[in-house]
Each structure stands twice: as C-alpha cells, then as structure tokens.
Amino acid sequence: MKRDEGVVTIHKRDLHDAKLAFADFMKKSEECFNAHSRNNPSYYHGLSPSALEIVTRDILIEVAPSTPFRPEEIQLVSGHSFPDIMAGKYYGVEVKSTKENKWTSVGSSIVESTRNQYVEDIYMMFAKLGSKIPEFRFRPYQDCLSNIAVTHSPRYLIDMEIRDKNEKTIFEKINVPYKDFHNSEDKIELVRDYYISQARKEGKHEMPWWVGKKTIDAIENGEVPTIKLFNLLKPCEKDNLKAQMTILFPQVLLGDYSEAALWLCTHRYYLCLNVRDFFSAGGQYDLLNGKKLPIPYPAVLKKIKDIMPYIVKNLHSNQELEYLEFNPELYYSSNRLNTWLKQIIKVFNQYTYVYKRNSVQLSSLGVDILDFLMNPQNYNLQRSR
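Residues numbered from 1 in each chain as written. Predicted model: local features only at pLDDT ≥ 70, side-chain atom pairs only at ≥ 80, totals over all residues. Heavy atoms only, no water.

Our focus in this paragraph is the overall build of the chain. Counting its regular elements, the chain contains 16 helices and 15 strands. By residue count, 48% of the 385 residues in the chain fall in the buried class. Looking at the chain alone, contacts between residues at least 24 apart form 63% of all its contacts between residues at least 6 apart. Just so you have it, the chain exposes about 19,900 Å², and 49% of that area is on carbon and sulfur atoms. (Helix = DSSP H or I, 4+ residues; strand = E, 2+ residues; numbered from the N terminus. Buried < 20%, exposed > 50% of the residue type's maximum accessible area, 1.4 Å probe, protein only. Contact = heavy atoms within 4.5 Å. Areas by Shrake-Rupley, 256 points an atom, 1.4 Å probe, with all protein chains shown as cover.)

Take a look at the structure:
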C-alpha cells in the first residue's frame, strides 16, 4: 500500500485493507515501544499513567510515517473521550498499565459513555512496568477483556494473554460480539443476565449488587446508592414490595425466599432480616367469615390476600418490573394478571403444611384460589380466641 493511498484506506473506502493497515501500525508500534524500553528501562519504570499516554502518542507519531496513517492526525484526547488516543477519525488506542509484573489489570467502564462516536477499531496498549525491563503490548481491544470487575461501577478486567492461553473473552462468554455489545442500550442487562444465569447453573444463590440498571443510572447521575432497612418503610411501601416479590418470585409461597431476598437488596436497596415472615408468620387461621373451619388455613393465604390489591396494581401498571430477568413468562404474556394467577394456582396445588402433626395439602381443602385472590373482600380470615 503506497503512502499517498493511505488516506483513502483510512477513510474507509476499503475497510478490510484499513483494518489490516491499522493492525500493522499497532504491531510496528509495539516493536518500537519495546526497543526503546530495552535501551532505557529506568525511564519507562517511572512513567505515570498520564506520562505513559503522552509517550504512547509520541511512539505512534514516530511509527506513523512507515504506515498509511498521518502523524498529524494522531491526537491525545485522554480525559475527554474513549479511547485515549485517536489515529485519524475511525481508529483509536486505549492506554492502560500496571506497576506489577503481570499482564492483567482493571480497565474502563463497560458503559463507555464517553466513547468517540466515529471510532470503529480500537487497540489496547498495555504497559507492564513491573518487569525488569518494562514490556508493552498492543492487542485488539475486544481480545483482551476477560471479565467484569467492580470498583465504583462495573469495569472490564484486562488480560493481555487471553489469546495466548486460548481462553474466552467476556464477549465470547456472554455470546455477544463486542461491536453489538458496545452498540447496545442494554449493556447492564446483558451482563446481569449472564452472571445470574452462571450462578444458577452452579447452584449458587447470589446476585451481583451492581448489575441493576438503577444502580448504574444513579452512579452516572452522581448519586451514591445506599442500603436501607426494610423495617423502616411505611406499611403501604412494605406491602407494595411484598407484592412485587410475589409477582417475580412465586416460589416464595413455597418457602423459597433466597432470590426474593437478594432482589430486595440488589434491586431495591432494602435489607430485610425476616423475609420469611412476609409469607409464613402468623400461625394458622381457623375462622372463615366467622365460621369455624374443620382444618385451619395456613398464614400464607391471608398474607397474599392482604397484598392482592398491590399485586393487581403492579401487574396492570405500565411500570416494568424485572420480568425478563426473574419471571420471563410474565414478560412475554399479553395478560400478565391471568398468567400470574395460573402460576399461583400451580404453586398452591403443591403447597403442604402441618396441622396436628399431619401433613395437609392445600388442594384438599377445596379452596377456590382464583376467587379467593380476585375477590379478597369476600374472605375474612381470623383466629379464634
């Protein structure tokens, strides 16, 4: 490729040739960087992050004449946009380093809110300054991001040896190409779904606190999400959250509270030490509309009856709960209330409890669950004195 034809290539007339030219530019820059380091290792040992960005820019300018890229188009834009250095309009270099003798570090935010709108091909320039002679590597950006870490917000984990070790990048793990990922408006949701699905595959009851979009939005707006105590809420606020838990996690009625408790903390920022009491505390009720029941009803029937107005309101509301993440059947349903009622009837058909040391199946009591839930005003459950 001739030097005077380079502008044509870099300006995207032939994207394939342009990418090859940029890859060659990065390879030559790596060789140049390491040659300089071998000649003066002490200088590179002492580089600060900001000084390293300037040196990287200078190396690119030095190498550019042997490539189709123009030295005058190589600009340091660190602090203003991502990536740190632009080489023309469409190509960039992100600069990272570690003072340790390893090829790993914490990288940039996965949100990429300051990404240059035109850049299409990005390389990572990573400096390992802790080795006897500092070393430098240039790799395609998407090929050296191994995972997600958390500081004040979700950030990539850098591993410059991913391809050498034949391991997967984070994008290969979540099965979404980097280009699609950075163009997505649902980055947080994609990562959240991946980590939660991984936890479920491994049988873990865990939910990364940082993956809720609400958390990221708060951070982006300069707010600091804080965990509050659930018991300090007003009764109506508690009932609304109990309703949302019952909608998203019908299994709470069967005594499985783990995911609901994690959701309450990670997605609503409320810590509750007694989630179990929401659905099972209160013993049994042996009076229905003033009449003695031959076998008392379990507390869960009254608990869910009391919050049914909140459940119906939430299911009819345009406000989206985390349906796709936790109860996808509701997400795809055209009638969420009917779908949820079917789920609950199925749950109650499995429900058993103990009365006088005997196991009782709720389905054997002849309770019309559908009418009980949709017309709670018709059912007054009490305990005899």
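In this section: the sheet that holds strand β12 (residues 291-298). Read from one edge of the open sheet, three strands run β12-β11-β15, paired in antiparallel fashion. Strand pairing shows two members of the sheet lacking a second neighbour, β12 and β15 (381-382), which therefore form its edges. Here strand β11 (residues 284-288) pairs with β15 via two bridges, running antiparallel. Each residue of the ladder has a partner; that of Leu288, found in β15, is Leu381. Strands β11, β12 and β15 of the sheet are contacted by helix α12 (residues 299-316), whose axis makes an angle of about 85° with β12. (Pairing = 2+ DSSP bridges. Axes fitted to C-alpha atoms, helices over the stretch in contact; angles between N-to-C directions.)

Let us now look at the environment of Glu120. Mapped onto the elements, Glu120 comes out in the loop between β4 (104-109) and β5 (121-128). In the structure, Glu120 is positioned 101 residues away from Lys19 in sequence and 9.7 Å away in space, judged by C-alpha atoms.

A few words now on the environment of Asp256. Tracing the sequence through the fold places Asp256 in the loop between α9 (235-248) and α10 (258-266). Counting along the chain gives 20 residues from Asp256 to Arg276, while the straight-line C-alpha distance between them is 8.6 Å. A polar contact of 3.1 Å, which involves the side chain of Asp256, links it to the side chain of Ser258. (Polar contact = N/O pair within 3.5 Å; in protein donor to acceptor, adjacent residues only side chain to side chain.)

Sheet architecture is open: five strands sit in the order β1-β2-β3-β5-β6, paired in mixed fashion. The strands lining the two open edges of the sheet, one partner per strand, are β1 (74-76) and β6 (135-140). Averaged over neighbouring strand pairs, the angle between their axes works out to 20° when direction is ignored. Here β5 pairs with β6 via six bridges, running antiparallel. Within β6, the residue paired with Met124 across the bridge is Arg139. The strands that helix α4 (residues 49-63) touches are β1, β2 (85-87), β3 (91-98), β5 and β6; relative to β3, the one it contacts most, it runs at about 135°.

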